[in-house]
Amino acid sequence: MDFNDLWLSKESMDAINKHGFSKPTEVQEKVLPVSLSGRDVMVQSKTGSGKTLVFLLTIFEQYLKNRDSKALIVAPTRELAVQIEEDAKSFSEFIEGYRIGCFYGGVGYSRQLEEVEEGINLAVGTPGRLIDFLKSGKINFKDFSIVVLDEADRMFDMGFYPDIERMFRSMRPSQERQTMLFSATLSVKVRNLAWAFMNDPAEVEVRPEEVTVKEITQELFHVTSSEKFSLLLSLLKKIGPESAIIFTNTKDAAVEVASRLKINGYKAAFLMGDMAQSRRLETLERFKAGKLTILVATDVAARGLQIDDLELVVNYDIPEDYENYVHRIGRTARAGKSGKAVTLADEEYIYGLEPIEEYIHMKIPVLWPDECGLEEVEDKSKGLKIRKDGRRPSDTRKNKVERKKTEKKPNRKQKPQIQKKKNVPLKKEASMEDILKKEIEGKNVRKVSLSDVKAEEKKGLFSFFKRLFAK
Ligand code: ADP
Ligand code: MG
């Protein structure tokens, strides 16, 4: 099927061509013929399958037939709303005078209010802020002749069910509007909502596409978890990617890896699901603009975001859910380009490997660091303790002033955001043995209590005493 077969307007076709999309994706091919006819649809399809264009084209085509028609798109998070708004702007580029407003929380009302008052053809927003506008009467929900719920399951996960219900109750009857619902899963809750507020929707399910990972160069390294980070440094040095995403299984690991990469001079940042919206958005924008080279993220944080077209994907941890392996590495090698995906298999997550290989019907080729010319790279973050939020400890004004006094020429950009472990009286250069020797020799360096000493240091301590008394 071709986009031409859908009899779209010249405005839409021009935009599609400008984006270089040659063929509709599967979900577009299946849903657009139904949605363009005006019928309600309920669509189950995975992230990255091209759903946005389905509802945007449906909305634009309706508008071009009836310039009074107004559309509403509800999305679960601010950054998704912003992403949809961006797509809507770029795909409506050739529609003259088309106005889009975006409504989300965390920012002031005034600019959004101005948008409403100037009049809009399409409102994109998150439930909370939309409800605010509904309550204040600034947006009349009866105006919308086409309504889209994007990522419905996620909205319910986030507790927006009552808000969604309330919005629907304020709309015109379902027979007098077109309603489209998109979701990764069609759970009971999603179906209930569809039953209550939609008009005999056509149900379209797009099966997860055949796993195609053939275009991607996959590599796997076996490594102990304690050596993983230095292997990562070697890999990054050799590959030197312009853009990469590194996946970890936990938030803590994401923060740690990102912080250590920064200390080692990489333009890296972490992305987490529960980060403040504004910070996530800012991080994402910096990455898209090329100001960041590396994003370190969990699967949850990366879900639903358009971070693709990457040169390199690293599975720092093997995903525990085998489908995520394909989602992760699928972010490289889009649109026929070649990409690379490197997986680090350590003792903690190795059990996830077999299900992945079964799922993708292939063994991931195993490489050995010394055989593929990987050099060892000095890890500048070695031995440094990273705080859970990736920041320095209690960065109070007093501390900053203190630091200024002690630090020579602080270089802001390279200033590592680390915390040296509290109460550890050891400097990197001075080993436990040195200190004890000095203590014993009477050159009292500092009092050391056993509780200050890490397990491996304790071991060293005992062997030191053993040797001492053996003498
Ligand atoms: P979903 O909402 O299903 O997760 P999106 O609509 O965000 O997916 O689309 C995922 C990516 O695919 C986007 O980068 C989008 O620009 C791209 N895309 C959408 N439709 C096409 C197409 N027909 N051809 C090529 N790329 C497309
Ligand atoms: Mg989407």
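This text goes with the structure placed above it.
First things first, this report covers the structure right here in the doc. As the structure is a computational prediction, the values presented were derived from the model and not from experiment.

1. A short note on the overall build of the chain
Right, on to step 1. A count of helices and strands for the chain gives 18 helices and 14 strands.
Right, on to step 2. For the chain, the residues scored as buried account for 36% of the 471 residues in total.
Right, on to step 3. Put simply, 76% of the contacts in the chain that link residues at least 6 apart link residues at least 24 apart.

2. Digging into the site of ligand 1
Right, on to step 1. Of all residues adjacent to ligand 1, which total 15 residues, the nearest are F21, T47, G50, K51 and T52.
Right, on to step 2. A per-element tally of the shell around ligand 1 places helix α3 (residues 51-65) first, with three residues.
Right, on to step 3. Broken down by class, the residue content of the shell around ligand 1 amounts to three nonpolar, nine polar and three charged.

3. A look at the sheet that holds strand β10 (residues 268-271)
Right, on to step 1. An order of β10-β11-β9-β12-β13-β8-β14 is seen for the seven strands of this open sheet, with the pairing classed as parallel. The open sheet terminates on both sides in strands that have one partner only, identified here as β10 and β14 (366-367).
Right, on to step 2. Bridge count between strand β8 (residues 216-222) and β14: two bridges; the pairing is parallel. Residue L220 lies in a different strand from β14, and its bridge partner there is V366.
Right, on to step 3. Contacts from helix α11 (residues 251-263) reach β9 (244-247), β10 and β11 (294-297) within the one sheet, and its direction differs from that of β10 by about 170°.
Right, on to step 4. Packed onto the sheet, helix α14 (residues 322-329) meets β8, β9, β12 (312-315) and β13 (339-345) and runs at close to 155° relative to β12.

4. Focus: the sheet that holds strand β5 (residues 144-149)
Right, on to step 1. Read from one edge to the other, the open sheet built from seven strands follows the order β3-β4-β2-β5-β6-β1-β7, with strand pairing classed as parallel. Of all strands in the sheet, those bounded by a partner on one side alone are β3 (100-103) and β7 (202-205). With strand direction ignored, the average angle separating the axes of adjacent strands in the sheet is 15°.
Right, on to step 2. Across four bridges, the pairing between strand β1 (residues 41-44) and strand β6 (residues 178-183) is parallel. When the bridges of β6 are listed, V43 appears paired with F182.

5. Remarks on the packing of α3 against helix α4 (residues 78-91)
Right, on to step 1. Where α3 meets α4, the axes come as close as 10 Å, and the angle between the chain directions of the two elements is 50°. One way to sum up the angle between α3 and α4 is to call them oblique. The chirality of how α3 crosses α4 is right-handed. Note on element contacts: α4 touches α3 through I84, D87, A88 and F91, opposite T52, L56 and F60.
Right, on to step 2. For the contact of α3 with α4, the residue count by class is five nonpolar, one polar and one charged.

6. What about the environment of E354?
Right, on to step 1. Position of E354 relative to the elements: it lies in helix α15 (residues 353-359).
Right, on to step 2. For the pair formed by E354 and Y322, sequence separation is 32 residues and the distance between their alpha carbons is 8.8 Å.

7. Focus on α14
Residues spaced three or four apart along an α-helix point in a common direction, a consequence of the helix completing one turn every 3.6 residues.
Right, on to step 1. Residues of α14 that are buried: N324, Y325, V326, R328 and I329.
Right, on to step 2. Considering only its buried residues, α14 is in contact with β8, β9, α13 (299-302), β12, β13 and α15.

8. Overview of the packing of helix α2 (residues 26-35) against α3
Right, on to step 1. Contact pair α2 / α3: the axes reach a minimum separation of 9 Å and the direction vectors enclose 20°. Comparing their axes, α3 and α2 come out roughly parallel. Of the two possible hands of crossing, α2 and α3 adopt the one that is right-handed. Touching V27, Q28, V31, L32 and S35 of α2 are K51, L53, V54, L57 and T58, all from α3.

9. Overview of helix α9 (residues 188-197)
Right, on to step 1. Here α9 has its buried residues at V190, L193, A194 and F197. Taken end-on, α9 shows its buried residues confined to a sector of 100°, consistent with a single buried face. In α9, the exposed positions angled more than 90 degrees off the buried face are occupied by V188, N192, W195 and A196.
Right, on to step 2. For α9, the secondary structure elements touched by its buried residues are β1, α7 (152-157), α8 (161-169) and β6.

10. A few points about the nonpolar core
Right, on to step 1. Counting 55 residues, the largest nonpolar core has L56, I59, L72, I73, V124, V148 and L181 as its most contacted members.
Right, on to step 2. Sort the elements by how many residues they give to this core and α3 lands first, with eight residues.
Right, on to step 3. Those residues in contact with L181, other than ones at most four positions away along the chain, are M42, V43, L149, A152, V190, A194 and M198.
Right, on to step 4. If you look at the next biggest cluster of nonpolar residues, it comprises 47 residues, including L233, V296, A301 and L344.

11. Section: the environment of D143
Right, on to step 1. If you trace the backbone, D143 turns up in the loop between α6 (127-135) and β5.
Right, on to step 2. Taking the C-alpha atoms as reference points, D143 and M171, separated by 28 residues in sequence, lie 7.7 Å from one another.

Rules used in this analysis
Throughout, a residue's number is its position along its own chain's written sequence, starting from 1. Key to labels: chains lettered from A, ligands numbered from 1, both in the order written. Local features in this predicted model are restricted to residues of pLDDT 70 or higher, and side-chain atom pairs are both shown and tallied only at a pLDDT of 80 or more, whereas totals for entire chains, interfaces and linings draw on every residue. Each helix is a run of DSSP H or I of at least 4 residues and each strand a run of E of at least 2, with the numbering of both proceeding from the N terminus. As a rule, residues whose C-beta atom has 12 or fewer other C-beta atoms within 10 Å are exposed, those with 20 or more are buried, and those in between are partly exposed; C-beta atoms are placed from the backbone. Two residues qualify as a contact pair if the distance between their C-beta atoms, derived from the backbone, is within 7 Å. Using a C-beta atom placed from the backbone for every residue, we mark a residue as near a molecule or strand if that atom lies within 6 Å of it. Polarity classes work like this: nonpolar for Ala, Val, Leu, Ile, Met, Phe, Trp, Tyr, Cys and Pro, charged for Asp, Glu, Lys and Arg, and polar for all others, with Gly in that last group. Think of it this way: DSSP has to see at least two bridges between two strands before they count as a pair. An axis is simply a line fitted to the C-alpha atoms; with a helix, the fit covers only the stretch in contact. Between two such axes, the angle follows the N-to-C directions and lies from 0 to 180 degrees. Orientation labels follow simple angle bins: below 35 degrees gives roughly parallel, above 145 gives roughly antiparallel, 65 to 115 gives roughly perpendicular, and whatever is left gives oblique. Left-handed describes a crossing in which the near helix is turned anticlockwise from the far one by less than a right angle; the clockwise case is right-handed. Arc definition: directions from the helix axis to the C-beta atoms. Remark: nonpolar core denotes a set of buried Ala, Val, Leu, Ile, Met, Phe, Trp, Tyr and Cys residues whose joining runs through C-beta atoms within 7 Å.

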